[in-house]
Amino acid sequence: MKLIDSHAHLTSDDFNEDRSFLIKDLSNFAVNCVIIPSSNLENSYKAVELSESFDNLYAQVGFHPENIESFDETSIEKLENLAKNPKVVAIGEIGLDYYWKDDNKAEQKDVFIKQLDLAKKLNLPVVVHSRDSIDDCLEILKAYPELKVQIHCFAYSYMHLMECMKRGYYISIGGVVTFKNAENEKNAAINVDLDKLMLETDSPYLSPEPYRGRRNDPRKIVEVAREIANLRGMKLSKIAKRTSKNAKEFFNIK
């Protein structure tokens, strides 16, 4: 059995003490590959550098909506140059976040659209972050039917799930699905088309049960897979195989 963590912030300072050990230990936990998202330009450089150091790591480059204050007129060109690295497999994580700040919606949308345009130009998939903003995200994405889209850390209604399925988007589910009150995540895990499902940890955040409240890392992805297998009444090995295949297809990993 092999698993792929499609979203883990391995450049986070939370991993400064044991990052190399953790990455080398992944194979002992059946983790075959990890995709590292980025949050700004500096973080994008770090993600690419780290991915170049290990065969089983790949990077996304982009600006998270919480970090758009550092986005300027040179940022897209710099992202484009970074994205030409063969270890870069997506533009992400990008999107909209109205939870922490909602008085800059126009600026968030502008940066989101510019990065979607870059993904279209480079023929790269996009990894979308949306918090309290799914309707605006979906409205903007409507103009990009040619893009491969992953909705990261899916936590939305059945109606939103069906709209994503209709558009052919990929749905990524993380450790929250193991929480007792995670109704939306559990419903998504049960109802998402199996060929559009991916797994993630969002490390170092959102540790699954029974590790809730502790630092998360990609070795805990099996708990996400196990919960989804139980919810769907499937074997863990089948969930692992299918979600890994989906991740390889989405990120074009050979």
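What you see is a predicted model, and the numbers here were worked out from it, not measured in a lab.

About the cut-offs
Residues numbered from 1 in each chain as written. Predicted model: local features only at pLDDT ≥ 70, side-chain atom pairs only at ≥ 80, totals over all residues. Heavy atoms only, no water. Helix = DSSP H or I, 4+ residues; strand = E, 2+ residues; numbered from the N terminus. Buried < 20%, exposed > 50% of the residue type's maximum accessible area, 1.4 Å probe, protein only. Contact = heavy atoms within 4.5 Å. Areas by Shrake-Rupley, 256 points an atom, 1.4 Å probe, with all protein chains shown as cover. Lys, Arg positive; Asp, Glu negative; His and termini not counted. Charge placed at Lys NZ, Arg CZ, Asp CG, Glu CD. Salt bridge = Lys/Arg side-chain N within 4 Å of Asp/Glu carboxyl O. Pairing = 2+ DSSP bridges. Axes fitted to C-alpha atoms, helices over the stretch in contact; angles between N-to-C directions. Phe/Tyr/Trp six-rings, centres within 6.5 Å; stacked < 30°, edge-to-face > 60°. UniProt positions renumbered as here; feature names shortened; annotations may be inferred. Polar contact = N/O pair within 3.5 Å; in protein donor to acceptor, adjacent residues only side chain to side chain.

1. Some thoughts on the overall build of the protein chain
Phase 1: The helix and strand tally for the protein chain stands at nine helices and eight strands.
Phase 2: With respect to the principal axes defined by its C-alpha atoms, the protein chain has extents near 50 × 40 × 35 Å.
Phase 3: Of all 254 residues assigned to the protein chain, the portion counted as buried reaches 58%.
Phase 4: Long-range pairs, those at least 24 residues apart, make up 71% of the contacts in the protein chain between residues at least 6 apart in sequence.
Phase 5: About 11500 Å² of surface is accessible on the protein chain, with carbon and sulfur atoms providing 47% of the total.
Phase 6: Across the protein chain, the 35 positively charged side chains and the 40 negatively charged ones have centroids separated by 8 Å.

2. A closer look at the pattern of salt bridges
Phase 1: The full count for this structure, using the stated rule, is 16 salt bridges.
Phase 2: One salt bridge in this structure joins Asp-217 and Lys-220, with 3.0 Å as the shortest N-O distance.
Phase 3: Under the relative-accessibility criterion, Asp-217 is labelled buried at 1%.
Phase 4: Residue classification places Lys-220 among the buried residues on the basis of a relative accessible area of 13%.
Phase 5: Sharing partners across several salt bridges, the network here consists of Asp-25, Asp-217, Arg-219 and Lys-220.

3. A word on the sheet that holds strand E4 (residues 88–97)
Phase 1: Strand order in the open sheet made by the eight strands is E1-E2-E3-E4-E5-E6-E7-E8, with parallel pairing throughout. Only two strands of the sheet have a single neighbouring strand rather than two, namely strand E1 (3–5) and strand E8 (197–199). Between one strand axis and the next, the sheet turns through 30 degrees on average, direction left out of account.
Phase 2: Against the sheet, helix H5 (residues 134–141) engages E4, strand E5 (126–131) and strand E6 (149–151), with an angle of about 150 degrees to E5.

4. Topic: the packing of aromatic side chains
Phase 1: According to the stated counting rule, one finds five aromatic pairs in the structure shown.
Phase 2: Ring centres of Phe-63 and Phe-71 lie 5.1 Å apart, and the angle between their planes is 80 degrees; this geometry places the pair in the edge-to-face category. The exposure classification of Phe-63 matches that of Phe-71, with both residues buried.
Phase 3: Among the aromatic side chains, those forming a connected cluster through ring pairs are Tyr-170, Phe-250 and Phe-251.

5. Examining the UniProt feature "binding site: a divalent metal cation 1" (unreviewed entry) in the protein chain
Phase 1: UniProt marks His-7, His-9, Glu-93 and Asp-202 with the feature "binding site: a divalent metal cation 1" (unreviewed entry), using the numbering shown here. Spatial clustering of the annotated residues is evident: they stretch over 196 residues in sequence, but the largest pairwise C-alpha distance comes to 11.1 Å.
Phase 2: Following the sequence through the fold, His-9 ends up in the loop between E1 and helix H1 (19–25).
Phase 3: Overall, His-9 belongs to the buried group, its relative accessible area being 11%.
Phase 4: Here His-9 is in contact with Phe-15, Pro-37, Glu-93, Asp-202, Ser-203, Pro-204 and Tyr-205, once residues within four sequence places are set aside.
Phase 5: With respect to the element layout, Asp-202 can be found in the loop between E8 and helix H8 (221–232).
Phase 6: Looking at Asp-202, the relative accessible area reads 9%, which means it is buried.
Phase 7: Once you skip the residues sitting within four places of it in the chain, Asp-202 turns out to touch His-7, His-9, His-152 and Cys-153.

6. Observations regarding the UniProt feature "binding site: a divalent metal cation 2" (unreviewed entry) in the protein chain
Phase 1: Per the UniProt record, "binding site: a divalent metal cation 2" (unreviewed entry) is found at His-129 and His-152. Across 24 residues in sequence, these annotated residues keep their C-alpha atoms within 5.8 Å of one another, forming a single compact spot.
Phase 2: By the secondary structure assignment, His-129 is in strand E5.
Phase 3: Assessed through its relative accessible area of 11%, His-129 is described here as buried.
Phase 4: Residues in contact with His-129, not counting those within four places in the same chain, are His-64, Pro-65, Glu-93, Ile-94, Gly-95, Leu-96, Asp-97, Cys-137 and His-152.
Phase 5: At 3.4 Å, the side chain of His-129 forms a polar contact with the side chain of His-64.

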